[in-house]
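Analysis of the macromolecular model
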Amino acid sequence: MTAVLVVAAFAAAYVLIATERIHRVAAALSGAAAMVLLGVVDARVAFFSEKTGIDWNVIFLLLGMMVIVSVLKQTGVFDYLAIWAAKRTRGRPFATMVMLVVITAVASALLDNVTTVLLIAPVTLLVCDRLGLAPVPFLIAEALASNIGGTATLIGDPPNIIIASRAGLTFNDFLVNLAPIVIILLVVFIGLCRLLFRSAFTYDPERVAALMALDEREVIKDRGLLLRSGIVLVAVMVGFVAHSALHIQPSMVALLGAGALVALSKLDPPEFLEEVEWPTLVFFMGLFVMVGALVEVGVIGRLGTLLTDAVGDQYLLASSALLWGSALLSGIVDNIPYVATVTPLVQTLVDAGHGAGQATALWWALALGADLGGNATAVGASANVVVIGIAARNGHRISFWQFTRYGSVVAAVTIAVSWVYLWLRFYAFG
Amino acid sequence: MTARKLAQPFPLVTPDTDAMQAAQTMAAQHLPGLIVCGEDGRPYTILPGSQVLRFLIPTYVQDDPGLAGALDEEASDELCRKLVHSTVRDLLPQPPDLDELPVVDVDATSLEVAAVMARMHSPLVAVVDEHDGGNRVIGAITVSRLLDHLLPPRPAN
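Residues numbered from 1 in each chain as written. Chains lettered and ligands numbered in written order. Predicted model: local features only at pLDDT ≥ 70, side-chain atom pairs only at ≥ 80, totals over all residues. Heavy atoms only, no water.

Re the packing of helix 1 (residues 2-19) of chain A against helix 17 (residues 278-296) of chain A
Residue and element names in this part refer to chain A. Here is the rule we go by: Lines are fitted to the C-alpha atoms to define the axes, a helix being fitted only along its stretch in contact, and any angle between axes, read from their N-to-C directions, falls within 0 to 180 degrees. Strands here are runs of E lasting at least two residues and helices are runs of H or I lasting at least four, both read from the DSSP assignment and numbered beginning at the N terminus. Should an angle fall under 35 degrees it is taken as roughly parallel, and over 145 as roughly antiparallel, whereas 65 to 115 is taken as roughly perpendicular and any remaining angle as oblique. The handedness criterion is simple: a crossing whose near helix is rotated anticlockwise from the far helix by less than a right angle is left-handed, and one whose near helix is rotated clockwise is right-handed. Only heavy atoms matter for contacts: two residues are in contact if any of them lie within 4.5 Å across the pair. Each residue receives one of three labels: charged for Asp, Glu, Lys and Arg, nonpolar for Ala, Val, Leu, Ile, Met, Phe, Trp, Tyr, Cys and Pro, and polar for the others, Gly being one of them.
Between helix 1 and helix 17, the least distance of the axes is 9 Å, while the angle of their chain directions is 150 degrees. Here helix 1 is positioned roughly antiparallel relative to helix 17, judged by the angle of their axes. Taken as a pair, helix 1 and helix 17 cross one another with a handedness that is left-handed. Along the contact surface, helix 1 presents Val6, Val7, Phe10, Ala13, Tyr14 and Ile17, while helix 17 presents Phe283, Leu287, Met290, Val291, Ala293 and Leu294. Tallied by class, the residues present in the contact of helix 1 with helix 17 amount to 12 nonpolar, no polar and no charged.

The following block contains the structure:
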C-alpha cells in the first residue's frame with residue numbers, strides 16, 4: 001500500500017514539475033515532503049544514505065562550478081573572446097556564426113549551459129548590431145550549440161553530473177566516450193547552420209568598419225583577476241582529468257577550485273555567489289529525495305527486474321530505445337528530473353551486464369538522448385528558454401515554433417548521428 | 001513653504017512630442033526629467049532622464065555594462081540617432097506606469113513633497129492646482145530645488 005502511495009505522490013509531483021503549474025522547486029519539495037509524511041524517508045535516508053538520499057556530490061559540484069563561473073564572469077573574458085573572434089572573421093556572417101557557435105560549445109563543455117548563453121548572448125547582440133545582422137539565427141544557434149557542447153563532459157550538463165555520480169563514471173570516461181561524438185556533432189551542426197540559417201548571412205561590407213572599431217581589450221575589467229582565474233580554471237580542469245588517479249571526487253575538485261578563486265579574487269560574497277542558482281540546488285535536493293523514496297519502497301528494484309528480463313542481452317535495442325526515448329521526453333519535459341528518475345533503472349540494466357561494454361553504453365545512450373533531446377523544442381532545455389528571454393528583452397521575439405522548427409531538425413539529426421556512433425563503437429564491432 | 005511657492009515653471013511635453021526635442025530640452029535646461037501631460041492638459045506621467053538613457057542604451061549593454069567599453073564615440077553618436085523619428089511615447093516604459101504619479105497639490109508642504117519624491121524614487125514632482133475642480137499643472141519641483149530649501153545654508157568661507 002505504501003508503495004502505491006509513494007508512486008502516486010511521485011507521479012503527482014512529476015506532473016506538477018512537467019506542467020509548471022507551480023514552481024518546480026515547490027513541486028519537488030512537496031514531493032519530498034510527501035515521502036517524509038508517508039514514512040519512507042527520514043533524516044538518515046535523506047541526508048546520509050549514499051544510494052537513496054540527496055547526492056551531495058552533485059549538489060556541491062554544481063555549487064563549486066557556479067562559484068567559479070561567478071568569478072570568471074567578472075573578468076569579461078567571454079566578451080573579449082567573442083569580439084576578438086568576430087573581428088578575425090572580418091564580419092563575414094557565416095564565419096562569425098561558426099566562431100560564436102564554437103566558443104559557445106567549448107565554453108558549455110566546461111561550464112553550465114545556461115551561464116554560457118547568458119554570457120555570450122549580450123556580446124552576440126552587439127556584434128550583430130554592428131554588422132546590421134538579424135541576431136535571432138545567431139542566438140538560436142548558440143542555444144543549440146550550448147546543448148551540444150555541454151554533452152561532451154561530466155560537468156557540461158546537469159544530467160551528465162547525475163549520471164556520473166550515480167554510475168561512478170569519471171571525467172575521463174565522459175571525455176573518451178562522449179567528447180569524440182560531440183566534436184563530430186558540432187561539425188554536423190555547423191553544416192546544418194549553413195543550411196537552416198542561409199537567409200541570415202547577408203554581408204554588408206560597409207558595416208564591417210563598425211565591427212572592426214570595437215576594442216575588445218576594453219572589456220577586460222581586471223587583467224590580474226583574469227590571469228588568476230585562468231590559472232585556477234586550468235588547475236580545475238587538470239583536477240577533473242586526474243580525479244580518479246588522485247582519488248578526489250569531481251565535487252571536491254570544483255569546491256577546491258571555487259575556494260581558490262574566492263581567495264585569489266578578493267571578491268565580496270554577493271559577487272562570488274552571484275551565479276549560484278539556489279533554487280536549482282534545492283530542486284535537485286527535492287528530486288533526490290523523491291527518487292530515493294521509489295528505491296526505498298522497492299519500486300525501482302521491481303521495475304529494474306522487469307526491464308532486465310525484457311532486455312535480456314539485447315543491449316543495442318535497449319540503447320536505441322533509451323537514446324530516442326530520452327531525446328523525445330527531454331524535448332518535452334525537463335531532462336533533470338527525467339534523468340534522476342531513470343538513472344537507477346539504467347543502473348540495474350548495466351549491473352546485469354556485469355561490466356560488458358555493450359551494457360555500459362546504456363549510460364552514453366541516456367546522456368546523449370537527454371542532453372541532445374533538449375534541443376528539440378523551445379522549452380526542451382533551460383538554455384533555450386534563457387536565450388528566448390534575452391532576445392525578447394532586446395526586442396527580438398522568438399516564437400515557440402520558430403525555435404522548434406530549427407531545434408527539432410538539429411535534435412533529430414544529432415540523435416541519428418549519435419545512434420550510428422553508438423552502434424559502430426559499441427555494437428557493430430563490439 | 002508650500003508646493004505653490006517651491007514650484008518653478010517647467011516645460012511640459014505630450015506623448016506625441018518629438019523625442020529629440022524633449023531630450024534636448026532636458027539637456028539644455030539641466031532638468032532631471034520632464035512632465036508628460038495628456039491631451040486634457042493633466043499630468044500623464046513623468047519622463048525621468050534615466051528613462052531616456054534606457055531607451056538609448058541597448059538592453060544587452062545594460063545587461064553587460066562591460067560591453068560599453070568596447071564601443072567608440074561614433075557608436076554613441078549612432079545610438080543617439082535613435083531619437084530621430086521617435087516620440088516621447090517611445091521613450092516611456094512599456095506599458096507606462098500610470099498607477100501613481102509624482103504629483104502634489106499646490107498646498108502640499110515641503111516635507112509632503114519630499115515624501116512623494118522619496119517613495120516614488122522620482123527626481124521631480126509636478127505641482128497641480130486642484131482648486132475649482134481643475135488639474136492644471138502650474139510647475140514642478142526638482143530634487144535640487146527641494147534640497148536647497150530643506151538644507152541649512154552653507155557657512156560662508
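Past the structure itself, the notes keep going.
Remarks on the pattern of salt bridges
If the charged atoms of two oppositely charged side chains come close together, the side chains can form a pair. Residues and elements named next belong to chain A. Test applied: Between Lys or Arg on one side and Asp or Glu on the other, a salt bridge is scored when a side-chain nitrogen of the former is within 4 Å of a carboxyl oxygen of the latter. Relative accessibility under 20% of the residue-type maximum defines a buried residue, over 50% an exposed one, and the middle range a partly exposed one, all with a 1.4 Å probe and only protein chains included.
Considering all chains together, one arrives at nine salt bridges over all chains under this definition. Salt-bridge contacts for lysine 73 lead to glutamate 275; the nearest nitrogen and oxygen are separated by 2.9 Å. Of this pair, lysine 73 sits in helix 4 (residues 56-73) while glutamate 275 sits in the loop between helix 16 (269-272) and helix 17, and the two are 202 residues apart along the sequence. Take lysine 73: its relative accessible area is 30%, and that puts it in the partly exposed class.

Description of the interface of chain A and chain B
To be explicit about the condition: Throughout, buried area stands for the accessible area (probe radius 1.4 Å) lost by two parts on being put together, summed over both. We call two N or O atoms a polar contact when they sit within 3.5 Å, provided that within protein one can donate a hydrogen and the other can accept it, with sequence-adjacent residues counted only if both atoms are side-chain atoms.
Residue-level contacts link 17 residues of chain A with 13 residues of chain B. With both sides pooled, the region where chain A packs onto chain B buries about 1300 Å², and carbon together with sulfur makes up 53% of that total. Where chain A packs against chain B, one counts two salt bridges. Between glutamate 78 of chain B and arginine 130 of chain A there is a salt bridge whose closest N-O contact spans 3.3 Å. For the interface between chain A and chain B, the tally reads six residue pairs in polar contact (both at pLDDT 80 or more).

A word on the sheet that holds strand 6 (residues 136-142) of chain B
Residue and element names in this part refer to chain B. Selection rule: Whether two strands pair depends on DSSP finding at least two bridges between them.
Within the open sheet, the three strands sit side by side as 4-5-6. Their pairing is mixed. Only two strands of the sheet have a single partner each, and these edge strands are strand 4 (103-105) and strand 6. Neighbour-to-neighbour, the strand axes of this sheet turn through a mean angle of 35 degrees, independent of strand direction. Each of strand 4, strand 5 (124-129) and strand 6 is contacted by helix 7 (residues 110-120), which is oriented at about 130 degrees to strand 5, the strand it contacts most.

Considerations on the pairing of strand 3 (residues 43-48) of chain B
Here is the key point about a regular strand: its side chains alternate between the two faces of the sheet. Residue and element names in this part refer to chain B. Note that strand 2 (residues 33-37) and strand 3 share five bridges and pair antiparallel. In the sheet register, isoleucine 35 faces strand 3, and the bridge partner there is isoleucine 46. What sits between the antiparallel neighbours strand 2 and strand 3 is a turn of five residues, in which glycine 41 has the positive phi angle 85 degrees.

Focus: the sheet that holds strand 2 of chain B
Residues and elements named next belong to chain B. If you trace the three strands from one edge of the open sheet to the other, you get 1-2-3, paired in mixed fashion. One side of each edge strand has no neighbouring strand; the edge strands of this open sheet are strand 1 (12-13) and strand 3. When strand 1 meets strand 2, the two strands line up parallel, connected through two bridges. Directly across from leucine 12, in strand 2, lies its bridge partner isoleucine 35. Taken strand by strand, helix 3 (residues 49-56) contacts strand 2 and strand 3, and its axis lies near 70 degrees from that of strand 3.

Observations concerning helix 19 (residues 315-332) of chain A
Residues and elements named next belong to chain A. Note the threshold: The span expected for a helix works out to 1.5 Å for each residue beyond the first.
Across its 18 residues, helix 19 extends 25 Å between first and last C-alpha, which sits within 8% of the 26 Å expected from 1.5 Å per residue. By the burial criterion, the buried members of helix 19 are Tyr315, Ala318, Ser319, Ser320, Leu322, Leu323, Ser326, Ala327, Ser330 and Gly331. Buried-residue contacts for helix 19 involve helix 18 (299-311), helix 20 (335-352), helix 21 (357-373) and helix 23 (400-428).

Comments concerning the environment of threonine 308 of chain A
Residues and elements named next belong to chain A. By the secondary structure assignment, threonine 308 is in helix 18. Spatially, the C-alpha atoms of threonine 308 and leucine 349 are 5.6 Å apart, while their sequence positions differ by 41 residues. Apart from the residues within four sequence positions on either side, threonine 308 is in contact with Thr348, Leu349 and Ala352.

As for the nonpolar core
Under the convention used in this document: Only buried residues count toward a nonpolar core, which is a set of Ala, Val, Leu, Ile, Met, Phe, Trp, Tyr and Cys residues joined through side-chain atoms within 4.5 Å.
In this structure, Phe189, Phe197, Phe240 and Leu366 of chain A are the most contacted members of the largest nonpolar core, which totals 162 residues. Examining the composition of this core, we find that 12 residues originate from one element, helix 4 of chain A, more than from any other. Those residues in contact with phenylalanine 197 of chain A that lie beyond four places of it in its chain are Met97, Pro137, Ile140, Ala141, Leu192 and Tyr406 of chain A. If you look at the next biggest cluster of nonpolar residues, it comprises 25 residues, including Ala23, Met26, Phe55 and Leu56 of chain B.

As for the pairing of strand 6 of chain B
Residue and element names in this part refer to chain B. Buried residues dominate strand 6, accounting for five of its seven residues. The pairing of strand 5 with strand 6 spans six bridges and is classified as antiparallel. Bridged to alanine 126 within strand 6 is alanine 140.

On their own, these measurements won't tell you what the molecule is for.
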